[in-house]
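Coordinate inspection notes
Each chain, written out:
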Amino acid sequence: LQHMFAMFGATVLVPVITGLSMSATLLFAGLGTLIFHHCTKMRVPAFLGSSFAFLGGYASVVQMGEAQGLSLAQSLPYACIGVFCAGLMYFILAGLFAAFGPKKVMKYFPPVVTGPIIIAIGLTLSGSAISNCMQNWWIALLAILIIVVCNIWGKGMIKIIPILLGVVGSYIIAACFGLCDFSGVKDAAWVGLPFRMENTAFSVFRNPNWGLVAAAIIAIIPISIATMMEHIGDMCAISSTVGKNFLEDPGLHRTLMGDGLATALASLFGAPANTTYGENTGVLNLTKVYDPQVIRIAAVFAIVLSFCPKFSAVSSEMPAATIGGVSLVLYGMISAVGVRNLVENKVDFTASRNVIIAALILVLAIGIKYGANDSLSLGFTSLSGLAVAAIVGVLLNALLPGKDYAFPDTVDGRSEEH
């Protein structure tokens, strides 16, 4: 139950922000976790929840769809196809790791590329957070205050679930002041199927817009560069917490394959991309219970909850200001993780190549987002700012001389420096 509560706040926020199915999100968080455990020989105690990294990709595709006369519900399945292809990228990287080893492959994805991409993900999302906060700044500030207080002064489990407490606390206050409409909750059933076929990626192929399919894939696939690096960082953190080197056994190729398969499957059925959750690593550190079986039980709880439409309806009525306050903190934390990535890996910004790579990634991602209506038209398709930034960053790193990053051969399970 502690593991389910730890992942809960952030996981349910993604479908609320994007418009994806809440029930499908919970179902495939649970199923994705079980799939991941199967791929990793039942050894890695990781929980997979909704990834925030793809929010910009969803928004980009929805905007392109609306420009072509599609509604939000009609556009989201196209974004899901893009996320499905991003999930397949995990298999490619896993295959490269298995064939050549992490050291040779990772030189193309050093922190000077992945760090600024992660920073840009948070910054490009910041505008939507402010827009939601403006619906009611008092409720938004209350959510922020609860998160900050729990994060800084909280003890034990309180410190691990500040997002959930921020959501619940500000939601309750908003409801007390009559700022929520619960008519949909009253009409919702107690038991029902977690997803509808018209909301899945399969619905696109009834009458496909192939141009939008291609645009969605091109816009979202590059984001997987950042999420795959995030995955590697999470595996290092879990290894450090548990005291076992999961990068060697069962191996990064297996953990990447499990994460990619979970993401690909979730996207097909209208759920957001999955990622390993740091909150659950915090629970491991708090409880000192490292048995993966406990995580699998938490996954079953999430699956059971996904069959309750009434709960989904309650979550869907969350005030926009609550979403804004919580997401303002979360998006800032995403960017802060990118900064930490650069600092911990001691990226040398006295080197001109590193400055140029980081500068172009940040300026392209943010400039295209806010200066070119979220995407750059190439005639035959459009690219999101994040997609352009990721492609340019990887290419510049490969072409410019002076590479100085080396992926560590091993990770000491008791060390936190990696």
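**So, the pattern of salt bridges**
Enumeration over the complete set of coordinates arrives at two salt bridges. Across the salt bridge formed by Arg43 and Asp249, the nearest N and O atoms sit 2.4 Å from each other. Of the two residues, Arg43 is situated in the loop between α2 (22-39) and β1 (48-50) and Asp249 in helix α13 (residues 247-268); the sequence distance between them amounts to 206 residues. Taking relative accessible area as the criterion, Asp249 reaches 40% and is therefore assigned partly exposed. Note that Arg340 and Glu344 form a salt bridge whose closest N and O atoms lie 3.8 Å from each other. Placement of both Arg340 and Glu344 in helix α17 (residues 320-344) is noted, with a separation of four residues, approximately one turn of the helix.

**What to know about the packing of helix α9 (residues 162-176) against α17**
Across the interface, α9 lies against α17 with an axial gap of 9 Å and an inter-helix angle of 160°. In terms of axis orientation, α9 runs roughly antiparallel to α17. Once α9 is placed against α17, the crossing between them reads as right-handed. Of the residues in α17, those in contact with Ile163, Gly166, Val167, Ser170 and Tyr171 of α9 are Thr322, Val326 and Leu330.

**Some points on the state of the cysteines**
All chains considered together, the criterion is met by zero disulfides. Free of any disulfide, Cys176 has its nearest cysteine sulfur in Cys180, 9.1 Å distant. The exposure class assigned to Cys176 is exposed, which follows from its relative accessible area of 62%.

**Topic: the packing of aromatic side chains**
Applying the stated criterion to the full structure yields eight aromatic pairs. Both rings, one in Phe52 and one in Tyr331, keep their centres 6.4 Å apart while their planes meet at 65°; by these two values the pair is edge-to-face. Here Phe52 is found in the loop between β1 and α3 (55-67), whereas its partner Tyr331 is found in helix α17, with 279 residues between them in sequence. Side by side, Phe52 and Tyr331 carry an identical accessibility label, which is buried. Aromatic side chains Phe205 and Trp210 sit 5.9 Å apart centroid to centroid with 50° between the ring planes, which places their arrangement in the tilted category. Classification of Phe205 as partly exposed rests on a relative accessible area of 45%. Joined through ring pairs, the aromatic side chains of Phe28, Phe195, Phe202 and Phe269 make up one cluster. Taking the ring centre of Trp190 as reference, the NZ or CZ of Lys310 above it sits at 5.1 Å. Taking NZ or CZ as reference, Lys369 lies 5.9 Å from the ring centre of Tyr370, over its face.

**Some points on α3**
For α3, with 13 residues, the first-to-last C-alpha span of 18 Å sits near the 18 Å given by 1.5 Å per residue. Considered for burial, the residues of α3 that qualify are Leu55, Gly56, Gly57, Tyr58, Ser60, Val61, Val62, Met64 and Gly65. Two residues or fewer after α3 comes Gly69, characterised by a positive phi angle close to 90°.

**Things to note about helix α7 (residues 137-153)**
Over its 17 residues, α7 runs 23 Å from end to end, which matches the ideal 24 Å to within 8%, given 1.5 Å per residue. Buried residues of α7: Ile139, Ala140, Ala143, Ile144, Ile146, Ile147 and Cys150, and no others. Considered in projection along α7, the buried side chains sweep an arc of 155° and stay on one side of the axis. Among the exposed residues of α7, those oriented more than 90 degrees off its buried face are Trp138, Leu145, Ile152 and Trp153. Buried residues in α7 make contact with α6 (111-133), α8 (157-160), α9 and α17. The residue sitting at the N-terminus of α7 and contributing the capping side-chain oxygen is Asn136; that oxygen lies 3.1 Å from the backbone nitrogen of Trp138.

**Some remarks on the environment of Tyr108**
By secondary structure assignment, the location of Tyr108 is in the loop between α5 (102-106) and α6. Tyr108 gets classed as partly exposed once you look at its relative accessible area, which sits at 39%. Separated by 295 residues in sequence, Tyr108 and Lys403 have C-alpha atoms that sit 9.4 Å apart. In contact with Tyr108, not counting residues within four places along its chain, are Val394, Asn397 and Ala398.

**Some thoughts on the confidence of the model for the chain**
Put simply, the chain has an average pLDDT of 88, and 94% of its residues get 70 or more. Ignoring residues within four places in sequence, the model shows residues 411-418, a span with pLDDT below 50, making 15 contacts including any to other chains.

**Let's talk about the nonpolar core**
Burial of nonpolar side chains together is a common tendency in soluble globular proteins. Counting 113 residues, the largest nonpolar core has Phe52 and Ile121 as the members making the most contacts within it. When residues of this core are assigned to their parent elements, the largest contribution, eleven residues, is made by helix α4 (residues 72-100). Setting aside its immediate chain neighbours within four residues, Phe52 contacts Ala10, Leu13, Val14, Ile17, Ile121, Leu125, Tyr277, Leu330, Tyr331 and Ile334. Of all hydrophobic cores here, the second largest spans six residues; its members include Ala24, Leu27, Ala266 and Ile303.

**A short note on the environment of Ala129**
Mapped onto the elements of the fold, Ala129 is located in helix α6. Considered as a pair, Ala129 and Ala140 are eleven residues apart in the sequence and their alpha carbons are 9.7 Å apart. When sequence neighbours within four positions are dropped, the list of residues in contact with Ala129 reads Gly324, Ser327, Leu328 and Tyr331.

Basis of the calculations
Residues numbered from 1 in each chain as written. Predicted model: local features only at pLDDT ≥ 70, side-chain atom pairs only at ≥ 80, totals over all residues. Heavy atoms only, no water. Salt bridge = Lys/Arg side-chain N within 4 Å of Asp/Glu carboxyl O. Helix = DSSP H or I, 4+ residues; strand = E, 2+ residues; numbered from the N terminus. Buried < 20%, exposed > 50% of the residue type's maximum accessible area, 1.4 Å probe, protein only. Axes fitted to C-alpha atoms, helices over the stretch in contact; angles between N-to-C directions. Parallel < 35°, antiparallel > 145°, perpendicular 65-115°, else oblique. Left-handed = near helix turned anticlockwise from the far one by under 90°. Contact = heavy atoms within 4.5 Å. Disulfide = S-S within 2.5 Å. Phe/Tyr/Trp six-rings, centres within 6.5 Å; stacked < 30°, edge-to-face > 60°. Lys NZ or Arg CZ within 6 Å of the ring centre and 35° of its normal. Expected span 1.5 Å × (residues − 1). Arc of directions from axis to C-beta. Polar contact = N/O pair within 3.5 Å; in protein donor to acceptor, adjacent residues only side chain to side chain. pLDDT = per-residue confidence, 0-100. Core = buried A, V, L, I, M, F, W, Y, C linked by side-chain atoms within 4.5 Å.

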